[in-house]
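# Reading the structure
So the chains spell out like this:
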Amino acid sequence: MERTPDFSAIPVIDLSRCYDPSTRPELLADLRHMLTDVGFLYLINHRLSDVTNAIIDILPQLFALSPEQKCEVALINSPHFLGYSGEATETTAGQPDMREQFEFATASSDVWEDGGRKGPLFQRLQGPNQVRSLPVSSKIRGAITSYISSLSDLSITFLSLVAEALNLSPDSFDHFLSNFNRLKLIRYPPPNSTRDTKTQGVGPHKDSSGWFTFLLQASGPDVKGLQVLNNNGDWIDVAPIEGSLVVNIGQAFEVVTHGVCKATVHRVILDRLREGRYSAAFFQGIRGSLTRTEATETLRHHFEGWDAKGKPAAIAAQDVESPFLRGKYETWGESQLRTKIRSHQDVGRRWYQEVWDGYMEDV
């Protein structure tokens, strides 16, 4: 795979090559290129076609529910930010996102009966799904839970390969993780007379919800919209490839690797759409109690002076552009709670009055 100082296309990683000793070294070299040069990749031959196809099949049925049925599992009912939210109810880069979505997570029996008052407030982010309340068939509910479980397993396998590609032991990143992973099932509407082509599906951002994001582009190959920003300031299309998942680096991983592995800015625009666009975004969970000191110091010695065959040396982790490091909150969990409240202000106002003013005024 050609190594370039910037990118004009997204690399493709064939996961089947990791199982063959003769092709594994080349796979790891290609993966290292993605991690240090691009921040995005297509993952093919991931052996999950059954569960991905099941999600593709149920998405139109799920979003065909009536507004009244969707409201039965509205996000505002959940202090865990799990459930349904409609168009223009979430904001990114200060602007409303024109998409509707259902948010789920790893099955959890944790219910914070004390309202989180006996522990850190961010613990309220972890809690039960509303999937059982969905007015849908058991087939749809089963597809959702199976997808979360399968992607949870895949994300661990992938992370061990990432560690190996960065010359670390396979379990080097495990202690940064939470077992609480999140899934967004998303529908972007096409432009219409009241929604011009400049309306954002989701605005430019780096992912803050997960260690890595695994995205299933669940519409046809001609339904585009996702773009990533390269170092030259050009927006690069991430066109759907059948049978693939799109994987990208989250902000926490950029911090822990001292900027060697960069989270890449991306967006979804609506002017490429002629019909609704479906996707499923899985976010690999990060431990809420992770502190800034842990994040910046645990692997500092490994990444200091990293040159990766001529690449610039790592920068100080504190210099990575990250709200977690720039903000006033010591743990990843509280930084993430702030992000959630600012993105879903109606939910924050209902469930987090005690920190609402402070989070909204904190820029």
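Residues numbered from 1 in each chain as written. Predicted model: local features only at pLDDT ≥ 70, side-chain atom pairs only at ≥ 80, totals over all residues. Heavy atoms only, no water.

The name given to the protein chain in an unreviewed UniProt entry is Gibberellin 2-beta-dioxygenase, and the organism recorded there is Podospora anserina. Looking at the Sequence similarities (unreviewed entry) heading of the UniProt record, one finds this comment for the protein chain: "Belongs to the iron/ascorbate-dependent oxidoreductase family." (UniProt positions renumbered as here; feature names shortened; annotations may be inferred.)

### Regarding the sheet that holds strand β12 (residues 245–249)
The strand order β1-β2-β12-β9-β14-β7-β6-β3 describes an open sheet built from eight strands, whose pairing is mixed. The open sheet has two free edges, formed respectively by β1 (12–14) and β3 (83–85), since each of these has just one partner strand. Recorded for the sheet is a direction-independent mean angle of 25° between the axes of neighbouring strands. (Pairing = 2+ DSSP bridges. Helix = DSSP H or I, 4+ residues; strand = E, 2+ residues; numbered from the N terminus. Axes fitted to C-alpha atoms, helices over the stretch in contact; angles between N-to-C directions.)

### Observations concerning the sheet that holds strand β8 (residues 200–205)
The sheet built from four strands is open, its strands ordered β8-β13-β10-β11 with antiparallel pairing. What marks the edges here is a single partner per strand, and that holds for β8 and β11 (235–237). With direction set aside, neighbouring strand axes in the sheet form an average angle of 30°. Strand direction decides the pairing type here: β8 and strand β13 (residues 266–269), joined by three bridges, are antiparallel. Among the inter-strand pairings, H205 is bridged to a residue of β13, identified as H266.

### A few points about unusual backbone geometry
Among all residues save glycine, negative phi is the norm, and among peptide bonds the norm is trans. Of note, F81 is a non-glycine position whose phi angle comes to about 60°, a positive value. Structurally, F81 is set in the loop between α3 (67–71) and β3. For F81, a relative accessible area of 0% gives the class buried. (Buried < 20%, exposed > 50% of the residue type's maximum accessible area, 1.4 Å probe, protein only.)

### Examining the environment of I241
Its place among the elements puts I241 in the loop between β11 and β12. For the pair I241 and G220, spaced 21 residues apart in sequence, the C-alpha separation works out to 8.9 Å. Leave out the neighbours within four places in its chain, and I241 touches V12 and Y42. (Contact = heavy atoms within 4.5 Å.)

### Quick look at the pattern of salt bridges
A full pass over the atoms with the stated rule returns 15 salt bridges. For R287, the salt bridge goes to E294, with nearest N and O atoms at 2.9 Å. R300 is paired through a salt bridge with E297; the nearest N and O atoms lie 2.7 Å apart. Counted as one network, the salt bridges with shared partners bring together E90, D97, R99 and K184. (Salt bridge = Lys/Arg side-chain N within 4 Å of Asp/Glu carboxyl O.)

### A word on the nonpolar core
One finds F173, L185, W211 and F212 to be the most contacted residues of the largest nonpolar core, which totals 72 residues. Take this core: its biggest share by element is 13 residues, from helix α4 (residues 138–165). Contact partners of W211, with chain neighbours within four places excluded, come to L159, F173, F176, L177, I249, G250, A252, F253, V256, Q284 and I286. Ranked by size, the runner-up nonpolar core spans 19 residues in total, among them Y42, V202, V228 and V268. (Core = buried A, V, L, I, M, F, W, Y, C linked by side-chain atoms within 4.5 Å.)

### A few points about the environment of G243
Tracing the chain through its elements places G243 in the loop between β11 and β12. G243 sits 200 residues away from L43 along the chain, and the two C-alpha atoms are 8.6 Å apart. When sequence neighbours within four positions are dropped, the list of residues in contact with G243 reads L43, I44 and H46.

### Details of helix α2 (residues 49–63)
End to end, α2 covers 22 Å across 15 residues, agreeing with the expected 21 Å (1.5 Å per residue, within 8%). The sharpest bend along α2 comes to roughly 30°, located at D57, with the proline P60 sitting one to four residues further on. (Expected span 1.5 Å × (residues − 1). Bend = angle between axes of the 7 residues up to and from the residue.)

### Let's talk about helix α1 (residues 24–38)
With 15 residues, α1 should cover 21 Å at 1.5 Å per step; its first-to-last C-alpha distance of 20 Å lies within 8% of that length. For α1, a buried count of eleven out of 15 residues is recorded, marking the element as mostly surrounded by other parts of the structure. Buried residues along α1 sit against β1, β2 (40–44), α4, β9 (212–217) and β12. Of the residues one or two after α1, G39 is the one with positive phi, at around 90°.

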